[in-house]
Amino acid sequence: FCEGAASYEVTGSNFANGSAVTFNSTSANSVSVADAQHLQASFVGLAPGTYSVTVSNGPGCSGTKAAAVTVVTKPVLIFVDPPVAYDGIAVQANVFASGFGDGTLKGKVLGVGVRPTGSGSAPKAVAFVFDAAKPNQFKVTLPIGLAPGKYELVVGDNLGCAVTLADAFIVTAT
């Protein structure tokens, strides 16, 4: 899982309304029991590390699974080169980043998308090439026909981290 805010599904048995969940000594911000075997625990601000998970259903009724969850450091997108693309041609750009890797403790890039900066719209998937041997740089193809304006780059990895670089590049009219 990625550092920061996240919701975790816990499976087990005999969960009841009022169950409490802790990761080491950090209490969940909210717990929602779906049924006796499933609950969702939401946390805000979890730091990277390995956590034991404890579910408590009241006094004297709890269970702990040691080293059950690993939270990883969120990667960082630094810049895109070139910073300007033209709407009439596809452009291969280099993305410089930190914190990606082979997919174990540092995530492997699984998807890249672009969208107008600040639009909140779903990102448009773009072609990319990621080499875990060179995790601090990968290539993306900025597609032909993007409307002129500023764009953000959205990248997701196999560990559940999603990062956004606002104003990653500008598209100009040809």
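See the structure above.
Thresholds applied
- Residues numbered from 1 in each chain as written.
- Predicted model: local features only at pLDDT ≥ 70, side-chain atom pairs only at ≥ 80, totals over all residues.
- Heavy atoms only, no water.
- Phe/Tyr/Trp six-rings, centres within 6.5 Å; stacked < 30°, edge-to-face > 60°.
- Helix = DSSP H or I, 4+ residues; strand = E, 2+ residues; numbered from the N terminus.
- Buried < 20%, exposed > 50% of the residue type's maximum accessible area, 1.4 Å probe, protein only.
- Pairing = 2+ DSSP bridges.

### Let's talk about the packing of aromatic side chains
- The tally for this structure, following the rule as stated, stands at ten aromatic pairs.
- Seen in terms of ring centroids, Tyr 8 and Phe 43 are 5.9 Å apart; in terms of plane orientation they differ by 65 degrees. Their pairing is edge-to-face. With a gap of 35 residues between them, Tyr 8 in strand β1 (residues 4-11) and Phe 43 in strand β5 (residues 38-46) connect regions that are remote in the sequence. Each member of the pair Tyr 8 and Phe 43 is classed as buried.
- Centre to centre, the rings of Phe 23 and Tyr 51 are 6.0 Å apart; their planes meet at 45 degrees, and the pair counts as tilted. Separated by 28 residues along the polypeptide, Phe 23 in strand β2 (residues 20-23) and Tyr 51 in strand β6 (residues 49-56) bring together distant segments of the chain.
- We classify Tyr 51 as buried; its relative accessible area is 9%.

### A closer look at the pairing of strand β11 (residues 109-116)
- Judged from the seven bridges that link them, β11 and strand β15 (residues 149-157) form a sheet pairing that is antiparallel. When the sheet's bridge partners are listed, Val 109 is paired in β15 with Asp 157.
- Direction of pairing for β11 relative to strand β12 (residues 124-125): antiparallel, over a ladder of two bridges. Counterpart to Gly 113 in the pairing with β12 is Ala 125.

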